[in-house]
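# Structural overview
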Amino acid sequence: MKRSIAEHMFSSSTKTAWWLATFFSVFVTGEMPIQAETEPEFLQALENHTVTQGRDVHFTCVVNHLSNYRVAWIKSDSKAILAIHTNMVALNPRLSVTYNNHNTWKLHVSNVQANDSGTYMCQVNTDPMKSQMGYLSVVIPPDIVDTVSEGSTAVEGGSVRLTCTATGEPPPTVMWRRDDGKAIVFRYEGGKERKVVNNYKGETLELTHVQRSDMGVYFCIASNGVPPTVSRRYYVEVHFIPQVKVMNQLVGAPLGSDVELQCFIEASPRAMNSWYPEDGKSLVSDKFIDNPKIRVLEAVVNEYSRWMNLSIKSLSKADFGIYTCASVNALGKMEGQVSLHRLELSMNGFGAEEPMVSGAAWQRSKNLQPYRMRPAASHAHQYCLTHLPPQLYALLLTALRYVQAL
Ligand SMILES: *[C@@H]1O[C@H](CO)[C@@H](O)[C@H](O)[C@H]1NC(C)=O
Ligand SMILES: *[C@@H]1O[C@H](CO)[C@@H](O)[C@H](O)[C@H]1NC(C)=O
Ligand SMILES: *[C@@H]1O[C@H](CO)[C@@H](O)[C@H](O)[C@H]1NC(C)=O
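Residues numbered from 1 in each chain as written. Chains lettered and ligands numbered in written order. Predicted model: local features only at pLDDT ≥ 70, side-chain atom pairs only at ≥ 80, totals over all residues. Heavy atoms only, no water.

## Here's the deal with the overall build of the chain
Quick note on the threshold: Helical segments are the DSSP runs of H or I of at least four residues, strand segments are the runs of E of at least two, and each set is numbered from the N terminus. For each residue, the accessible area found with a 1.4 Å probe, counting protein chains only, is set against the maximum for its type, and the residue is called buried under 20%, exposed over 50%, and partly exposed in between. Contact between two residues is taken to exist if any of their heavy atoms lie within 4.5 Å; hydrogens are not considered. The Shrake-Rupley method, run with a 1.4 Å probe sphere, supplies the accessible areas, and residue values consider only the shown protein chains as cover.
Within the chain one finds four helices and 29 strands. Residues classed as buried in the chain amount to 44% of the 406 residues present. Pairs at least 24 apart in sequence give 61% of the contacts found in the chain among residues at least 6 apart. Accessible surface, the chain as shown: approximately 21,500 Å² in total, 53% of it carbon and sulfur.

## A look at the side chain of Ser76
Mapped onto the elements, Ser76 comes out in the loop between β4 (71-75) and β5 (80-84). Here Ser76 falls in the buried class, since its relative accessible area comes to 14%. In this view, Ser76 contacts Thr119, Tyr120, Met121 and Met133; residues no more than four positions away in its chain are not counted.

## As for the site of ligand 3
Formally: Definition of nearness: a residue and a molecule or strand are near each other if at least one heavy atom of the residue lies within 4 Å of the molecule or strand. Between N or O atoms, a polar contact is any pair within 3.5 Å; within protein, one atom must be a potential hydrogen donor and the other a potential acceptor, and residues adjacent in sequence are included only when both atoms are from side chains. Residues were grouped as follows: Ala, Val, Leu, Ile, Met, Phe, Trp, Tyr, Cys and Pro as nonpolar; Asp, Glu, Lys and Arg as charged; and all remaining residues, including Gly, as polar.
Taken together, seven residues form the shell around ligand 3, and within it Gln262, Leu297, Ala299, Trp307 and Asn309 come nearest. Between ligand 3 and Gln262, the relevant distance is 2.9 Å, taken from an oxygen atom to a side-chain nitrogen or oxygen of the residue. Within the side chain of Asn309, one N or O atom sits 2.4 Å away from an oxygen atom of ligand 3. Contact with the protein chains hides 66% of the accessible area of ligand 3, taken as 360 Å² for the molecule alone. For the shell around ligand 3, the class distribution of residues is three nonpolar, two polar and two charged.

## A word on the sheet that holds strand β7 (residues 95-99)
Convention followed: Being paired, for any two strands, means DSSP has found at least two bridges between them.
Read across the sheet, four strands follow the order β1-β3-β8-β7 without closing on themselves; strand pairing throughout is antiparallel. Looking along the sheet, the strands with just one partner apiece sit at the ends: β1 (41-42) and β7. With five bridges connecting them, β7 and strand β8 (residues 104-109) associate as antiparallel partners. When the bridges of β8 are listed, Tyr99 appears paired with Trp105.

## A few points about the state of the cysteines
This is how it is decided: We call a pair of cysteine sulfur atoms a disulfide when they lie within 2.5 Å.
Overall, the coordinates contain three disulfides when judged by the stated rule. Between Cys164 and Cys220 runs a disulfide, and the two sulfur atoms are separated by 1.8 Å. Of the two residues, Cys164 sits in the loop between β12 (160-163) and β13 (166-169) while Cys220 sits in strand β19 (residues 216-223), which places them 56 residues apart along the sequence. Residue Cys220 is classed as buried on the basis of its relative accessible area of 0%. Across the disulfide from Cys263 sits Cys325; the S-S distance is 1.9 Å.

## Comments concerning the packing of aromatic side chains
What counts is decided by this rule: For Phe, Tyr and Trp, rings pair up if their centres lie within 6.5 Å, where Trp contributes its six-membered ring, and each pair is then called stacked (planes under 30 degrees apart), edge-to-face (over 60) or tilted (otherwise). Only Lys NZ and Arg CZ are tested; either one counts as a charge over a ring when it is within 6 Å of the ring centre and within 35 degrees of the ring normal.
By the definition in use, this model includes six aromatic pairs. Where Tyr99 meets Trp105, the ring centres are 4.4 Å apart and the plane angle is 20°; that geometry is what we call stacked. What makes Trp105 buried here is its relative accessible area of 1%. Above the ring of Phe186, the side-chain terminus of Lys195 is found at 5.1 Å from the ring centroid.

## With respect to the environment of His108
Mapped onto the fold, His108 is located in strand β8. With a relative accessible area of 23%, His108 lands in the partly exposed category. Along the primary structure His108 and Val97 are separated by eleven residues, whereas in three dimensions their C-alpha atoms are 6.0 Å apart. With residues up to four places along the chain from it excluded, the contact list for His108 reads Val57, His58, Arg94, Leu95, Ser96 and Thr98. A polar contact is formed between the side chain of His108 and the side chain of Thr98, at a distance of 2.8 Å.

## Side note on the pairing of strand β16 (residues 193-197)
For strand β15 (residues 184-187) and β16, the ladder comprises four bridges, and the chain directions are antiparallel. From the neighbouring strand, Arg187 faces β16, where its bridge partner is Glu193. If you look at the hairpin formed by β15 and β16, you'll find five residues sitting between the two strands, and Gly190 has a positive phi there, around 95°.

## Quick notes on the pattern of salt bridges
Applicable threshold: Each reported salt bridge corresponds to a side-chain nitrogen of Lys or Arg within 4 Å of a carboxyl oxygen of Asp or Glu.
The full count for this structure, using the stated rule, is twelve salt bridges. Between Glu156 and Arg212 there is a salt bridge whose closest N-O contact spans 2.8 Å. Taken together, the positions of Glu156 in the loop between β11 (153-155) and β12 and Arg212 in the loop between β18 (204-207) and β19 put the pair 56 residues apart, joining distant regions of the chain. Lys182 is the partner of Asp179 in a salt bridge, and the nearest nitrogen-oxygen pair spans 3.9 Å. Three or more residues are tied together by salt bridges with common partners; here these are Glu156, Arg212 and Glu266.

## A word on a nonpolar patch on the surface
Cut-off, in case you're wondering: The patches described consist of residues with a relative accessible area above 30% and no salt bridge, like charges being joined within 9 Å and nonpolar side chains (Val, Leu, Ile, Met, Phe, Trp, Tyr) within 5 Å.
Together, Val155, Ile241, Leu331 and Met334 make up an exposed nonpolar region whose accessible area comes to about 310 Å². On the accessibility criterion, Ile241 (40% relative accessible area) is partly exposed.

## Here we look at the sheet that holds strand β23 (residues 272-277)
Stated precisely, the cut-off is as follows: For every element, the axis is a line fit to its C-alpha atoms; helices are fit only across the contacting stretch, and the angle between N-to-C directions ranges from 0 to 180 degrees.
Taken in spatial order, the four strands make up an open sheet running β21-β27-β26-β23, and their pairing is mixed. Of all the strands in the sheet, just β21 (250-253) and β23 have a single pairing partner and so form its edges. Within the sheet, the average angular offset between the axes of one strand and its neighbour, ignoring direction, is 20°. Pairing between β21 and strand β27 (residues 332-342): four bridges, direction parallel.

Below you can see the structure in the form of structure tokens.
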């Protein structure tokens, strides 16, 4: 009996299977495998494959002059014999062998799994045996496995820890980024910047001593070169007591003009914002104000900042007084005050009793705009009023009289 596949390599069951195959061939053909004049030879090398999990793949083994020898497929790393000719030995329904009735055998692996990776051998039972090897490498696109994002909310000065565990083959790289290309900031106690980066590599992103500007969307992105890349979105929320800034604490305006009182609010979590006059009820938003002269306009600046401007049209005597801009959230309340007072205009010049004119109110007066009063910072505006050329001065006064006449 001919010794076939290097016997030291295989288990006894493997040898048995091979022996049976040889016996079968003897039984069917009535002759022993003989040393043919021309030895079997491989016509091409076995391929190497890199395949995404779940796909199908096959190795092609082309042998000429096989004579009575047999082609077998072996998984070299586990030393398991998979098939002899087209007879499957391995009990794996995802494996099969096809033969083209000439010189070509194909080992098919369907729905490839991670544990299919390794070295595959196409072997002929000559003595010594002839074989060739091909490598199957199974890759798996990245996946983000943990679904719990812990503590993505902190009070200003506190810390936030985001984790993103990714699987895949090869093992993916996890990268953190903010939306809109904002930087990720690592801080010292007190909030001072320690390190500012556009992206951060690692499964865990820990932000300590967070500031309100750290608030927003963070993405973890897992990639390993196998498409598709996956990402997960996290929202970091930073809480603090509202902060209220009124642009001008003193606003002077003549009777009949229009004013806009401006208030800048920073708050998180979301606050209840309102303007209220000395004696009146609070003015929250357009919908709830029945006075057609008054509008409250809120404009969002970013996650935690907004403008809240109160505009009053055609000022009457009763409109002058103290206005308070207030913001209250779960952590506290803050307010800012504006004193809106009447500006007297006379032919002798601007209000002797009101030498300081604080700007925004004026600039916003609709009736003045045709005269190209540039919107400017309040100090610039004071400059305008006190240094007007006489012609412009006259125009301005005409305009104001017109306004008051309305
Ligand atoms: C398969 O990979 C092995 C090892 O990297 C290499 O030696 C061999 O030449 C490759 N075979 C083919 C057909 O490219
Ligand atoms: C290979 O993995 C598949 C799917 O995970 C499993 O069904 C099979 O039993 C594994 N085979 C071996 C030999 O570990
Ligand atoms: C409020 O006033 C500020 C400062 O002039 C301005 O930038 C903002 O657009 C105003 N907001 C609204 C809603 O009018």
